[in-house]
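A closer look at the structure
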Amino acid sequence: MRSLLPLLQTSAKNTNIRESFSFQHRPFSPLPKLQPTTSSSPPPQPPSEGAFNPRFSNFIFEATTFDIDMGASGEKTWDEEEQQKETSKAASLDLNDYTVIREGEAEILMHAKNEVFYNKTQVNNRDMSIAVLRAFIAKRKLEHEAMLSKRMKAVAKVSDKPVDKTEAPVESISEAEKSNGRYEASEEASEHEPCSTSEKLVDNIEEKSRGGLKPPRVLEALSASGLRALRYAREVEGIGQVVALDNDKVSVEACQRNIKFNGSVACSKVESHLADARVYMLTHPKEFDVVDLDPYGSPSVFLDSAVQSVIDGGILMCTATDMAVLCGGNGEVCYSKYGSYPLRGKYCHEMALRILLASIESHANRYKRYIVPVLSVQMDFYVRVFVRVYTSASAMKNTPLKLSYVYQCTGCDSFHLQAIGRTVSKNTSVRYLPGFGPVVPQECSDCGKKYNMGGPIWSAPIHDQEWVTCILEDVKSMKDHYPAYDRISAVLTTISEELSDVPLFLSLHNLCATLKCTSPSAVIFRSAVINAGYRISGTHVNPLGLKTDAPMDVIWDIMRCWVKNHPVKAQPPDQAGSVILAKEPVLQANFARAVASLSKAQAKKVARFLPNPERHWGPKLRAGRQITSKHVSLLGVDAVNGASNHEEDSDEPAAKRKKAEDLTAS
């Protein structure tokens, strides 16, 4: 048993402790005066544990363990009291107030009073995250093996050369290994050791390869019920410790209850803490291989600490549900949260993805770090990005090359991008300079209207097609393990066919609405673009969206040729469509069907945009709010009536409850 002497010495004035423990009074004897020591005299030794210290009272406590005195007095120990509390809490748990919800291999107990947030719609989000996490573990293992192989080859080259004994051996260790505790510095070789430096390096590398990588640590910063953390622990092979945080005491209690409910595997891998996620991530820098942010609303307040908590080469998963802000409903609010101004256009959901990526990059740059997006998706009512975080002061200089401002015409659908920075290469040196501008005149060259300017946004690729292909293959091979297989496989299939290097997209229906003409089929329009020598693809954000590297003057020339074959009624001359059609096309479009006008998925008739599986498939009420009849349109009649049946002391008027019952009857 642990000694209580330090505790009792610091708490000598506590009356309760003084009564519970026996102590002996001894007369105080002054310490002898210390004589100055000489160089030959030994240094003073620290007092042994339990020795008398005159700074405290002149009492020496005799009790050393809880068992001796407290057991003798018949009082309960601290462990027994905690066990009794847990037992009483479990006894007071009424299972009739809870519903068992199963998703994947995890089960949670959900209270009927909306005490802890849970949204069934987010099964798509959780399934996609599990798929990306599996791909990350596989990629991480391959990268580790490649690094060891490269290091072995380097050591082999060094062993072939004569070694200068005056030079100290230097072994290149990546920052990722240091930050994640993968690297242990080897002791310096003794002069009497017979083995050479190269042999020691080889032995060190072989020892590391035998030990292998440590399992990745995962931080779920906003866990709520803990369902996501439990699914990670139970479904992802090779996962390490999963730390679930929440700043709400009720949520932490629910998470701990669900951990026990899921058995020994969950108990051994998942731990729940009551903590502010921002403070926790700041106090644990570069400790987690995976950091998952899925807040209710904007993640902006968590980004600064999140980019510091990820190790080098780790992955940050981030969700934003404040789509009204990101899509231009409140531009000034978006600028204050994310540092970018949004534009209202058909591409606004993709622009939301790119604004979020630009914001994460901005936070990472403050700590000489940068991001590499591997997957960015817009599903349901939110955007979700998966980025890897690295540290490099030199690579960070490329950030201005990956950001652009957007000029959107107010009269037509023309938009143009202006990069923030550029580079000039001379011999082996590279200079970073501001970008040229403006890329557009004051008035639109197509319709003569003014431009709105938005951004900056992330204009570099938002997907890594190698990752997307790997994730899609894994999902198809384990389709029974994904409750939302149909939806996430459809989204990944569409993403795999996107033009990753083309930011934003056009809407064919909007082009036709500007000209007041009938719309060509997507196949015909795609064929005209391909026959003109440009690339074109769909987008996972909008089933009517088209990504192309063709400039806007080519797009309008194709539409002018279409209108010549399909005339429109005369329009007022000051309208944007009239101005565009008044010009003769420079390019003569060829509408003959091209071979690549249909993607592989379209040719095979693979479903790419699926309807919602049920009604009221969308955002849910924030945890803790009382569910009333005014939430019928958001949650549905069954959910409202189910909550009202469990709410015994409800303050809701009877008229409102009757209204919900009437809706159910109808």
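Residues numbered from 1 in each chain as written. Predicted model: local features only at pLDDT ≥ 70, side-chain atom pairs only at ≥ 80, totals over all residues. Heavy atoms only, no water.

As recorded by an unreviewed UniProt entry, the protein carries the name tRNA (guanine(26)-N(2))-dimethyltransferase and is attributed to Coffea canephora. What the UniProt record of the protein gives under Catalytic activity (unreviewed entry) is the line "guanosine(26) in tRNA + 2 S-adenosyl-L-methionine = N(2)-dimethylguanosine(26) in tRNA + 2 S-adenosyl-L-homocysteine + 2 H(+)". Per UniProt, the protein carries the Sequence similarities (unreviewed entry) text "Belongs to the class I-like SAM-binding methyltransferase superfamily. Trm1 family." (UniProt positions renumbered as here; feature names shortened; annotations may be inferred.)

Check the secondary structure of the protein and you find 25 helices and 19 strands. Classification of the 666 residues of the protein by burial places 44% in the buried group. A separation threshold of at least 6 residues defines the contact pool for the protein, and within that pool the share at least 24 residues apart is 70%. Working note: accessible area of the protein is about 35800 Å², and carbon and sulfur atoms make up 53% of it. (Helix = DSSP H or I, 4+ residues; strand = E, 2+ residues; numbered from the N terminus. Buried < 20%, exposed > 50% of the residue type's maximum accessible area, 1.4 Å probe, protein only. Contact = heavy atoms within 4.5 Å. Areas by Shrake-Rupley, 256 points an atom, 1.4 Å probe, with all protein chains shown as cover.)

The subject of this paragraph is the sheet that holds strand β9 (residues 310-320). Reading across the sheet, the seven strands line up as β7-β6-β5-β8-β9-β11-β10 and stay open at both edges, with mixed pairing between neighbours. In the strand order of this sheet, the two ends are held by β7 (270-274) and β10 (369-379), each with one partner. Between one strand and the next, the sheet's axes are offset by a mean angle of 15 degrees, whatever the strand orientation. Here β10 runs beside strand β11 (residues 382-391); their pairing, made up of ten bridges, is antiparallel. Each bridged residue has a counterpart across the sheet, and for Pro373 the counterpart in β11 is Val387. Strand contacts of helix α12 (residues 300-309): β5 (218-220), β8 (288-293), β9, β10 and β11, with the helix running at about 150 degrees to β9, the strand carrying the most contacts. (Pairing = 2+ DSSP bridges. Axes fitted to C-alpha atoms, helices over the stretch in contact; angles between N-to-C directions.)

Attention now goes to helix α14 (residues 331-338). Every α-helical turn comprises 3.6 residues, leaving residues that sit three or four positions apart pointing alike. If you check which residues of α14 are buried, you get Gly331, Cys334 and Tyr338. The buried side chains of α14 occupy one side of the element, clustering within an arc of 55 degrees when seen end-on. Its buried side turned inward, α14 meets α12, β9, α13 (323-326) and α15 (348-365). (Arc of directions from axis to C-beta.)

With that settled, consider a nonpolar patch on the surface. Side chains of Leu401, Val430 and Tyr432 sit close together on the surface and give an oily, nonpolar patch of about 240 Å² of accessible area. Along the chain, the position of Tyr432 falls in strand β15 (residues 429-434). (Patch = residues over 30% accessible without salt bridge, like charges linked within 9 Å, V, L, I, M, F, W, Y side chains within 5 Å. Salt bridge = Lys/Arg side-chain N within 4 Å of Asp/Glu carboxyl O.)

To continue, consider the nonpolar core. Residues Met281, Leu293, Leu316, Leu326, Ile360 and Phe525 are the most contacted members of the largest nonpolar core, which totals 83 residues. The element that contributes the greatest number of residues to this core is α15, accounting for ten residues. Split by domain, the residues of this core number at least three in each of domain 1 (276-462) and domain 2 (501-604). (Core = buried A, V, L, I, M, F, W, Y, C linked by side-chain atoms within 4.5 Å. Domains from an automatic or database assignment.)

Note on pairing: side chains with opposite charge can pair once their charged atoms come close. Tallying each qualifying case throughout the model produces 24 salt bridges. Two residues, Glu103 and Arg126, come together in a salt bridge whose shortest N-O distance is 2.6 Å. Highlighted residues: Glu103 in strand β3 (residues 98-103) and Arg126 in helix α5 (residues 123-160), separated in sequence by 23 residues. Of the residues examined, Glu103 reaches a relative accessible area of 5% and is grouped as buried. The class of Arg126 is buried, set by a relative accessible area of 7%.

Here we come to the packing of aromatic side chains. Under the defined criterion, the tally for this structure stands at six aromatic pairs. Ring geometry for Tyr280 versus Phe288: centroids 6.3 Å apart, planes at 40 degrees, classification tilted. Classification of Tyr280 as buried rests on a relative accessible area of 14%. The ring of Phe436 carries the charged tip of Arg422 above its face, separated from the ring centre by 3.7 Å. (Phe/Tyr/Trp six-rings, centres within 6.5 Å; stacked < 30°, edge-to-face > 60°. Lys NZ or Arg CZ within 6 Å of the ring centre and 35° of its normal.)

Looking now at the sheet that holds strand β12 (residues 403-409). Whenever strands of a sheet pair, they do so through backbone hydrogen bonds, lying parallel or antiparallel. Taken in spatial order, the three strands line up as β13-β12-β16 in an open sheet, and their pairing is antiparallel. Both edges of this open sheet fall to β13 (415-419) and β16 (451-458), since each of them pairs with a single strand only. Going across the sheet, the axis of each strand differs from the next one's by a mean of 25 degrees, ignoring polarity. As paired elements, β12 and β16 share six bridges and run antiparallel to each other. Note on β16: the bridge partner recorded for Val406 is Gly454. This element, α15, spans β12 and β16 of the sheet and lies at about 55 degrees to β16.

It is worth spelling out the pairing of β11 at this point. In terms of burial, β11 is a largely internal element, eight of the ten residues being buried. Judged from the seven bridges that link them, β9 and β11 form a sheet pairing that is antiparallel. Residue pairing across strands places Ile315 opposite Arg388, the latter belonging to β11. The hairpin turn running from β10 into β11, its antiparallel successor, is two residues long, and Asp380 in that turn takes a positive phi close to 50 degrees.

Let us now look at the packing of α12 against α15. Viewed as axis vectors pointing N to C, α12 and α15 meet at an angle of 45 degrees, and their least axial separation amounts to 9 Å. The angle between α12 and α15 falls in the class oblique. Along this stretch, α12 crosses α15, giving a crossing that reads as right-handed. Contacts between α12 and α15 pair Ser300, Leu303, Asp304 and Val307 from the former with Ser359, Ile360, His363 and Ala364 from the latter. Split by residue class, the contact of α12 with α15 holds four nonpolar, three polar and one charged. (Parallel < 35°, antiparallel > 145°, perpendicular 65-115°, else oblique. Left-handed = near helix turned anticlockwise from the far one by under 90°. Nonpolar A, V, L, I, M, F, W, Y, C, P; charged D, E, K, R; others polar.)

Another aspect to go through is the packing of helix α19 (residues 522-531) against helix α20 (residues 552-565). Contact geometry of α19 with α20 gives a least axis separation of 11 Å together with a crossing angle of 125 degrees. Classified by the interaxial angle, the pair formed by α19 and α20 is oblique. Remark: the crossing between α19 and α20 carries right-handed chirality. On the side of α19, the interface is formed by Ile524, Phe525, Ala528 and Val529, while α20 contributes Ile555, Ile558, Met559 and Trp562.

For α20, with 14 residues, the first-to-last C-alpha span of 20 Å sits near the 20 Å given by 1.5 Å per residue. Judged by how many residues are buried, α20 sits mostly within the fold: eleven of 14 residues are covered. All buried positions along α20 are accounted for by Met552, Val554, Ile555, Trp556, Asp557, Ile558, Met559, Arg560, Cys561, Trp562 and Val563. Buried-residue contacts for α20 involve β13, β17 (506-507), α18 (508-515), α19, β19 (545-548) and α21 (576-581). (Expected span 1.5 Å × (residues − 1).)

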